[in-house]
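# Fold and contact review
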Amino acid sequence: MDNRSSTSLWAELKRRNVFRVAIFYVVTAWLVIEVAETVLPIFDVPDGVLRGLVVLLVIGLVPALALSWIYELTPEGIKRDAGASPEPATSTSHKLNWATLVVAIAAIGLLVYDRLTPEAPALPTVAAEAQPVGGAAQSVGDAAERDAAPAATPEGSAASGASIAVLPFADLSPGGDQEYFADGMAEEILNALVRVKGLEVASRTSSFGFKGQESLGMPVIAERLSVRHVLEGSVRRAGDNLRITAQLIDAQVDRHLWSDTFDRPLTAENVFAIQEEIAVAIVDALVDSLGIEIEDEVRLAHATENLPAYDMYLQARALFQGRTGLDRADDLLRQALEQDPEFVNAWELRAAVQTVIFEYGYTDLSRDEHQRRGVEFAERALALEPDSGMALATLANMRLNATLMLRQRHDVADIIRDLERAVELDPHNSSGLNWLGMALAFVGRDEDALRTFSRCVDVAPRFGPCRENQYDALWAMGRFDEAYAGMQDALNDGAVVSEYANFGMLAHFEEKTAFMLLANQSKWLPGWSRHGDLYDAFRNLDADHAELLAELKVFLSTRPPDPGSFVGALLVPLGDHDAAPYFFLVWNPEYARYRGSPQFRQRIRQSGVLDYWREYGFPAKCRPLDGDEFACD
């Protein structure tokens, strides 16, 4: 082709606006991609759709240029070029120039907006998991859970690259009756990952709260859990065969980093092997794909080689976590231990069941008998594994409860030391942290108690007992506004223990409707007819409420509260100093008169707290007097 032909072709391309159409097409395609990147994740559209769109837009450039050569936009409409004026279409050129400019500005604006707009803060939404033992949030927690530390990410900031949540696995078994087994698989993988240094793992209470909510989409779930990665999977158990699928998703870009399917004969050895393989694969995928430095390797303890024992343990654990069928849970664990007497996790869990089975009404045996059993089972676990943090914590907590109720006398310092040791052995055990905080509150170490409850909240943000004890500790320290905000935050997050309430706080902040609503609940005063008078009394506890208290005691004598009732927390502030108080609440403002009573001083002596103070120092609210006397504000 000579120069004249080349010039002629160049001029023809310009005349037919092919170059302008090409530029307009590219800019428009850019805008379409920017819009798709912003909108598609909202609808949980797979990332493959976006890649397909890019490919289609690239392919579409060819027919767009062909059409611009064949057709021309004229004042009379679109015509084949043969029918168009041979002169350059100036008006069409100007229209294309302006259209290209407008589209380019829109694309640039959207790009700038997307880059400069901060991500929404994480919104924790998970149900609480535990019920109190005797008033405040004294829950045994999950004996086998060992709550994982949450992603340590400041609220509103981007999640750490080395952060992950393990969602409960779906049960795809033919009978749909293996949910406990599917949950157990996910939980054991979580327990393995939490021991990997350098990897931040959302707590079980947090991630398992999204069971059945997968339709929200992985980016949304990850955002609410403050993690970047999510592991999801499924379990199909049929006869002697087991199929487990798992996939690791980078929720920040909504793409899969790793996935696999495991088909194995159903044996305990294979179950644990698959759990370990998945955990190892996750760590390897994070290291290889994102260049994340993780300091430790995956370790998974094989709890038992007996599959029936393991299966019964998982069933019992599911019942325990749901605080239902605790008598069946206890029997399942008995059978599991008959199958494998050296199954440490089953001994731990059976000990933990003894701490709640009486309060939940799943037994005809006495509290003392369950305490005896709990001690026996925890000691069996410690004999097999001296570093069993859960067994050590459970044992210490049972001694704490017996001491609080003056049923037995135990050395308070030893209880605290054992709980501190248990937390050192198992730093992510929310129950151990909660019990330690309660023991510290018991002896009036309010600052240390608050720090411990706050640490527990960091470990398991939606563990109701610690959230409630945290704001109760703030309340006891006179930090009323912080306590009130903490209560509201816990309610907003669903991280509360059923029906528990700080009535002193509700009265102080004039929450009369909430006060009366909660006082009508089953664990308080259902059927009582003077809730308004009770509210007025709590608004002015310095007054004489003998008449109201007498009527209340008559009412309770005709309708005795159940063992799990909290009603004792109302009697002492009203002036019944002979009632058994919930001792970890006696430092609250509403107990001020009680702290000046002979009954309080007698309990301090009988529980061994005075001996503790003499050795380790008196708390800020108390001071020694002459001889054996002391006084507390």
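These remarks concern the structure in this document. (Residues numbered from 1 in each chain as written. Predicted model: local features only at pLDDT ≥ 70, side-chain atom pairs only at ≥ 80, totals over all residues. Heavy atoms only, no water.)

### Comments concerning the packing of aromatic side chains
Scanning the entire structure with this criterion turns up 20 aromatic pairs. Relative to tryptophan 524, the ring of phenylalanine 503 has its centre 4.6 Å away and its plane inclined at 80 degrees; by these criteria the two rings are edge-to-face. Within this pair, whereas phenylalanine 503 is found in helix 19 (residues 503-508), its partner tryptophan 524 is found in the loop between helix 20 (512-519) and helix 21 (531-539), the two being separated by 21 residues in sequence. Each of the two residues, phenylalanine 503 as well as tryptophan 524, counts as buried. Here the aromatic residues Tyr500, Phe503, Phe515, Trp524, Tyr535, Phe538 and Phe566 are joined through ring pairs into a cluster of three or more. The residue whose ring lies beneath arginine 237 is phenylalanine 181, and the NZ or CZ to ring-centre distance is 4.7 Å. (Phe/Tyr/Trp six-rings, centres within 6.5 Å; stacked < 30°, edge-to-face > 60°. Helix = DSSP H or I, 4+ residues; strand = E, 2+ residues; numbered from the N terminus. Buried < 20%, exposed > 50% of the residue type's maximum accessible area, 1.4 Å probe, protein only. Lys NZ or Arg CZ within 6 Å of the ring centre and 35° of its normal.)

### Overview of the pattern of salt bridges
Scanning the model with the defined rule gives 34 salt bridges in all. Close ionic contact of lysine 211 with glutamate 179 constitutes a salt bridge, the shortest N to O distance being 2.7 Å. A residue pair is termed long-range when its members are at least 10 positions apart, and lysine 211 in the loop between helix 6 (204-207) and helix 7 (218-225) and glutamate 179 in helix 5 (residues 179-193) qualify at 32 residues. Since its relative accessible area comes to 42%, glutamate 179 is described here as partly exposed. Through salt bridges that share partners, Arg409, Arg605, Asp611, Arg614, Asp628 and Glu629 make up one connected network. (Salt bridge = Lys/Arg side-chain N within 4 Å of Asp/Glu carboxyl O.)

### With respect to the state of the cysteines
By definition, a disulfide links the sulfur atoms of two cysteines through a covalent bond. Applying the stated rule across the entire model yields two disulfides. Paired by a disulfide, cysteine 456 and cysteine 466 hold their sulfur atoms 2.0 Å apart. Sign of the S-S torsion, about 80 degrees for the bond between cysteine 456 and cysteine 466, identifies this disulfide as right-handed. With a gap of 10 residues between them, cysteine 456 in helix 16 (residues 446-459) and cysteine 466 in helix 17 (residues 464-476) connect regions that are remote in the sequence. One disulfide bridge connects cysteine 622 with cysteine 632, the sulfur atoms lying 1.9 Å from each other. The S-S bond linking cysteine 622 to cysteine 632 shows a torsion near 110 degrees; that makes this disulfide right-handed. Of this pair, cysteine 622 sits in strand 9 (residues 622-624) while cysteine 632 sits in strand 10 (residues 630-632), and the two are 10 residues apart along the sequence. For the pair formed by cysteine 622 and cysteine 632, the shared burial category is buried. (Disulfide = S-S within 2.5 Å.)

### Regarding unusual backbone geometry
Despite not being glycine, serine 226 shows a phi value in the positive range, around 60 degrees. Within the secondary structure layout, serine 226 lies in the loop between helix 7 and strand 6 (229-238). A relative accessible area of 18% means that serine 226 is categorised as buried.

### With respect to the packing of helix 14 (residues 412-425) against helix 15 (residues 430-442)
As a packed pair, helix 14 and helix 15 sit with axes 9 Å apart at the nearest point and diverge in direction by 155 degrees. Taken together, the axis directions place helix 14 and helix 15 in an arrangement best described as roughly antiparallel. Considering how the two elements wind past one another, helix 14 and helix 15 form a crossing that is left-handed. On helix 15, the residues that touch Val412, Ile416, Leu419, Glu420 and Val423 of helix 14 are Gly432, Leu433, Trp435, Leu436, Ala439, Leu440 and Phe442. Counted by class, the contact of helix 14 with helix 15 contains 10 nonpolar, one polar and one charged residues. (Axes fitted to C-alpha atoms, helices over the stretch in contact; angles between N-to-C directions. Parallel < 35°, antiparallel > 145°, perpendicular 65-115°, else oblique. Left-handed = near helix turned anticlockwise from the far one by under 90°. Contact = heavy atoms within 4.5 Å. Nonpolar A, V, L, I, M, F, W, Y, C, P; charged D, E, K, R; others polar.)

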